[in-house]
Amino acid sequence: MSEQNSIDEQSKNHSLDDYRKGAGEEMTTNDGQKINSTDDSLKAGGRGPTLLEDFHFQEKLSTFDRERIPERVVHARGSGAHGYFQPYESMAKLTKAKFLADPATKTPVFVRFSVVAGSRGSADSVRDVRGFSVKFYTEEGNYDIVGNNIPVFFIQDAIKFPDLVHAVKPEPDNEMPQASTAHPSFWDFISLIPESMHMIMWLLSDRALPLNFSTMQGFGVHTFRWVNAEGKSRFVKYHWKPLVGVHSNVFDEAQKIAGKDPDFHRRTLWDSIEMGNYPEYELGVQIIEEEDELKFDFDILDSTKLIPEEIVPVQPIGKMVLNRNPDNFFAETEQVAFRPSNIVSGIDFSDDPLLQGRLMSYHDTQLHRLGSPNFAQLPINRPVCPFSNNNQDGRMQMEIKTSRVNYSPNSLGGNLPAPVAEADGGFVHHPERVEGHKVRERSPSFADHFSQATLFWNSLSAGEQDRLVEAAHFELGKVPHLEIKQRMLDRFNKVDGELAKRVAKGLGMPAPTEPATPNHGQKSAALSQAHTTKTAKGRKVAILAADGVNAAQFSMIKQSLSALHISSEVVSLFGGSIVNTEGGKIEVDKTFLTTASVLYDAIYVPGGEQSIEALIAHGDPLSFIHEAFKHFKPMAATGEGVDLISQADLKGIDFGNVNGKMSSQLGVIVSRDPADMATFTTTFVDAIKEHRFWTRPVPGTASVKAAAARMVSQKQQVKS
Ligand code: HDE
C-alpha cells in the first residue's frame, strides 16, 4: 500500500466510519415504513384540504421545521476537514501526553476554520480574525486546541468577552453591518479598551485577510502547561505554521471576492483536498521553564502579549495534514463541539484569566447550541477510546446502558466504572500552589498595552505598514463620530507617532497634539509576512484563451503548472470548448461571466492570432488582466498574448522592446516568440512563488499614496 493510501486509510479508520450512511435504496419514514409518494400531500379530493392523518407529510415538514440549530454566537461561519497529526520525535521528556510520545503515532484530527464576526451564511474573505480549531482524537481522549490565526487577543479577562462580541457584531437596532468591524459600536468599544491595541494592529494588517486556510498561521494564544511523567511542569505556547507560507489577499480583492464567491475559502479548502494538494501545517512549541515565568517584561498569562520568537524560539514538533473532506457539513462541521477544557494527561491549563473563562464557556455554549448534555456522543465528537461514567439520561441519549448501577461507589456493579490511578492514565491536575485574596482586579503585570503593538508595527515591511494604515482609514472612515476617531488617534499615538499622523491624514483630522510615546525601535522578523516561505504549490492560474489559441504554448504551460501542483483553469468567452491552432479541442472551465480575476493567483495568456483578436474585441479580458495587475499578481503572455496584456493599462511596464527575448518586469513576464519555453515557464513559476509584486506603481493603492506622501515630506524636509 502506498504511503498516501495508508494515510487515507488511517484517517478513515476514525470511529466516524461506523456512522457513515449513504442514500438507501427505498424511501421510508424515520421508522422504516416504505413511502409510495413524496410529491403530493394526502387530500380529501384533488382540490380538497390536506388531511391530518398524512403521517409522511407531518414527519417530513416537522423535521424540516427543526433543521436549524442555533448558530455559534461567534465563529458561526466555518469550514472543516479531517486529517492526521504525527510528531517528528518523542516529546516524552516534556509531556506525558501519549499522542506526542512516539513519532510512529498518527492521531486523527478534525479541524474547523472560521470567521469570527459573520453569521453562518456570511462571506469568507472579509477582514476578520480566523478561528483555527483542532480536535485530536487521541487514545487517551479528545484534546482540543481552539486557537486563532492571530497570536494575541483583544481583551485580558473573559468577563469582557460578551462586551467585545456585542460591540463587534451587527449593531442591535438595525442588525448592520454583516461580518465587519467597520462600524461605530466596535470602534467605540475598542477606543475605550486600551488593552485591545496590540490585537487591533494585527486586525488591521494583512493577517486579517488570509489568502486561504492553507496559507494561514495558527496560534494557541494562551500559555498552557506541559507536564511530564516525573510531574515536572513547563509552560508552552502553540504555533501552527503552514508549510506553503503565510499569504494574504489585498483588501480591494477580498471585498470583491466576497461578492464573486462568498465561499472562496471553503471552496479552496475543499478543492485542494479533492485535488490531493493537502494543506499541511507544522506544530511548533515555545517552552518556558517554570522558573522563567516572571523573567519577561510582560506577563505570560496575559493573552494580549506574544513571546517573540527571538526570545523563545519555536521548536517544530510535528506535522498536521488535512486529507479528507467531511461527508456531511451539518453532521460534522456544524455539530463539532470544541472545548479548550478537553485535555489529556500531560497537558494542563495556566492561570490566564482569558483561558480560565473559556474553560467554562465552550461547554456551556455546546449545551445550548446542540441542545443536550449528550453532545459528546455525536459521531464527530465521540472519542476514539472507550468512555464510561455515571452521567445519566438527558435528551438524545444514544447509548443503551446495560449496567444496573449508575452511581459511585457501588457494590451491585463491582464498583464500576472505577476512577483510574494516575500511573494508569488517570488525569491529575497539576498541583500548582495558589494563594491570594479574593479580588476583582487586573494584575499590574498586565498594564503595558502598547509596547508589543509598537513591536508589531516596527516589524512590518513598508508595504505591510501602508496597507495597515489604509485599513485604519477604511475602518474608522465608517465611523461618523469624531470623538471615537479622536480616541483612536490618541491610541495610535501611543504605538507610533508617525502611524498616528498617517491615520489622521486619511481621516481628514488633525494629528494628535499630545507628544507620541517614544518608539522603542524593537522588531521581530517572525511577525512580518514578508519573510515567509515561498512556494507555488496550491496556487491557481487563469489561462485566458479563445478559438485559435496557440496549441504548443498552451499545453507547455498547462502541463508544467500541473506537474508542480499548480492548478489552472481555462477562462474563455463562451462555455463548452475551444479549438487550438492544431484543431485540438480544449475544455473551457469558466467564462468571463462565471469567474473573476480575484479568484486566481496568476494569469497566463497564450498566443494565437485569432484567440487574441477575439479576447481584445470582447473587452472583459482587459479589465480581468488590469485588475489582477492592480492586485499585484504575477502574469505572463507569449506570442500574440503580449498584444492583449500590453493593452491592459499596466502602469510601469514597458512593452516597447518586447520581442523574442523574454522580458520580466515586476512580475509581468512576456515574450513574443519564446524560443525557450522551459526558461519562460520557470520564470513564470518563480513569479507565482513570489505571490505578489508589491513594488508595482498601482494607482490608488496605499503603497503609491504613501510613496508620494514620503516624497512630499522628504522634499519639505530638504526645503526646511
Ligand atoms: Fe472563543 N468562543 N471565546 N475564542 N472561539 C467560541 O464556542 C469564548 C477566544 C475560538 O470552530 C464559542 O462553540 C470566550 C480566544 C474559536 O467551533 C464560545 C472567550 C480564542 C471558536 C466562545 C473566547 C477563541 C470559538 C462560540 C473569552 C483564540 C470556534 C461557539 C475568554 C485562542 C470553535 C462555540 C469552532 C468559539 C467563547 C475567546 C477561539 C461562545 C468566553 C482567545 C476558534 O463558547
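Each remark here, short or long, concerns the structure printed above.
One structure accompanies this document, and this report is about it. Please read these numbers as outputs of a predicted model, since none were measured by experiment. (Residues numbered from 1 in each chain as written. Predicted model: local features only at pLDDT ≥ 70, side-chain atom pairs only at ≥ 80, totals over all residues. Heavy atoms only, no water.)

With that settled, the discussion passes to the layout of surface pockets. Volume-wise, the largest pocket comes out at about 1700 Å³. Around the largest pocket sit 47 residues that line it, and Pro383, Pro386, Phe387, Ser388 and Asn389 are the ones nearest its centre. Considering only residue class, the lining of the largest pocket consists of 18 nonpolar, 20 polar and nine charged. There is about 850 Å³ of room inside the second largest pocket. Lining the second largest pocket are 38 residues, and of these Val74, His75, Phe161, Arg358 and Tyr362 sit closest to its centre. Elements represented by at least two residues in the lining of the second largest pocket include exactly β2 (107–115), β3 (130–138), β4 (141–148), α3 (161–168) and α9 (353–370). Examining the composition of the lining of the second largest pocket, we find that nine residues originate from one element, α9, more than from any other. Its residues assigned to classes, the lining of the second largest pocket shows 19 nonpolar, 14 polar and five charged. (1 Å grid on protein atoms, 1.4 Å probe; cavity = no way out; pocket = protein on both sides within 12 Å on 5 of 7 lines; lining within 4 Å. Points joined across faces, edges and corners; volume = space filled by probe spheres on them. Nonpolar A, V, L, I, M, F, W, Y, C, P; charged D, E, K, R; others polar. Helix = DSSP H or I, 4+ residues; strand = E, 2+ residues; numbered from the N terminus.)

Further remarks concern the nonpolar core. If you look at the biggest cluster of nonpolar residues, it comprises 54 residues, and the most contacted ones within it are Phe154, Trp187, Met201 and Phe492. Residue assignment for this core shows that the elements contributing at least two residues are α3, α4 (184–192), α5 (197–204), α10 (451–459), α11 (462–477), α12 (482–495) and α13 (497–507). Among the elements that make up this core, the one with the highest residue count is α5 (seven residues). Once residues lying within four places of it in the same chain are set aside, the contact partners of Phe154 are Val129, Leu164, Phe186, Ile190, Ile193, Glu195, Ser196, Met199, Ile200, Leu203 and Thr304. With 40 residues, the next largest nonpolar core counts Phe85, Phe213, Val236 and Tyr281 among its residues. (Core = buried A, V, L, I, M, F, W, Y, C linked by side-chain atoms within 4.5 Å. Buried < 20%, exposed > 50% of the residue type's maximum accessible area, 1.4 Å probe, protein only. Contact = heavy atoms within 4.5 Å.)

Taken as a whole, this structure holds 26 aromatic pairs when the rule is applied. A ring pair is formed by Tyr600 and Phe624, whose centres lie 6.1 Å apart and whose planes are at 45°; its orientation type is tilted. With Tyr600 in the loop between β15 (590–591) and β16 (602–605) and Phe624 in helix α16 (residues 620–630), this residue pair connects regions lying 24 residues apart in the sequence. Grouped by ring-pair contacts, the aromatic residues Phe85, Phe99, Phe113, Phe132, Phe136, Tyr143, Phe213, Trp240 and Tyr281 constitute a single cluster. Directly above the aromatic system of Phe251 lies the positively charged group of Arg127, at a separation of 5.0 Å from the ring centroid. When the ring centre of Trp694 is taken as reference, the NZ or CZ atom of Arg467 above it lies at 3.6 Å. (Phe/Tyr/Trp six-rings, centres within 6.5 Å; stacked < 30°, edge-to-face > 60°. Lys NZ or Arg CZ within 6 Å of the ring centre and 35° of its normal.)

A few words on helix α15 (residues 609–618). Among the residues making up α15, those that are buried are Ser611, Ile612 and Leu615. Mapping the buried residues of α15 onto a view down its axis gives an arc of 90°, with all of them on the same face. In this structure, α15 carries Glu609, Gln610, Glu613 and Ala617 as exposed residues pointing more than 90 degrees from its buried face. Buried residues along α15 sit in contact with β11 (540–544), β16, α16 and α17 (641–646). One or two residues past the end of α15 sits Gly619, with phi positive at roughly 95°. (Arc of directions from axis to C-beta.)

Looking now at the site of the ligand. The environment of the ligand is formed by 24 residues, the closest being Arg72, Arg112, Leu354, Tyr362 and Gln366. Take Arg72: an N or O atom from its side chain is 2.7 Å from an oxygen atom of the ligand. Between Ser361 and the ligand, the recorded distance is 3.4 Å, taken from a side-chain N or O atom to an oxygen atom. A majority-of-atoms criterion places the ligand in the second largest pocket. Of all the secondary-structure elements, those providing two or more residues to the shell around the ligand are β3, β4 and α9. Top element by residues in the shell around the ligand is α9. It accounts for six residues. Of the residues in the shell around the ligand, the class split is eleven nonpolar, ten polar and three charged. (Near = heavy atom within 4 Å. Polar contact = N/O pair within 3.5 Å; in protein donor to acceptor, adjacent residues only side chain to side chain. Sits in = over half its atoms within 2 Å of the grid points.)

All chains considered together, the criterion is met by four cavities of 30 Å³ or more. The calculated volume of the largest cavity comes to roughly 140 Å³. In terms of residues, the lining of the largest cavity owes the most to one element, strand β7 (residues 233–242), which gives three residues. Classifying every residue of the lining of the largest cavity gives ten nonpolar, four polar and four charged. Of the volumes computed, that of the second largest cavity is approximately 50 Å³. Taken together, the residues of the lining of the second largest cavity sort by class into three nonpolar, six polar and two charged.

Along the polypeptide, Asn212 turns up in the loop between α5 and β5 (218–219). Assessed through its relative accessible area of 10%, Asn212 is described here as buried. Here the side chain of Asn212 touches Ser214 through a polar contact of 3.0 Å, landing on its backbone nitrogen.

Now for the sheet that holds β15. Within a sheet, adjacent strands bond to each other through the backbone by hydrogen bonds, running parallel or antiparallel. Pairing in this open sheet of seven strands is mixed, and the strands run β15-β12-β11-β16-β17-β19-β18 from one edge to the other. Only two strands of the sheet have a single partner each, and these edge strands are β15 and β18 (663–665). Bridge count for β11 against strand β12 (residues 567–572) is five bridges, and the pairing is parallel. Within the sheet, the bridge partner assigned to Val541 lies in β12 and is Ser568. (Pairing = 2+ DSSP bridges.)

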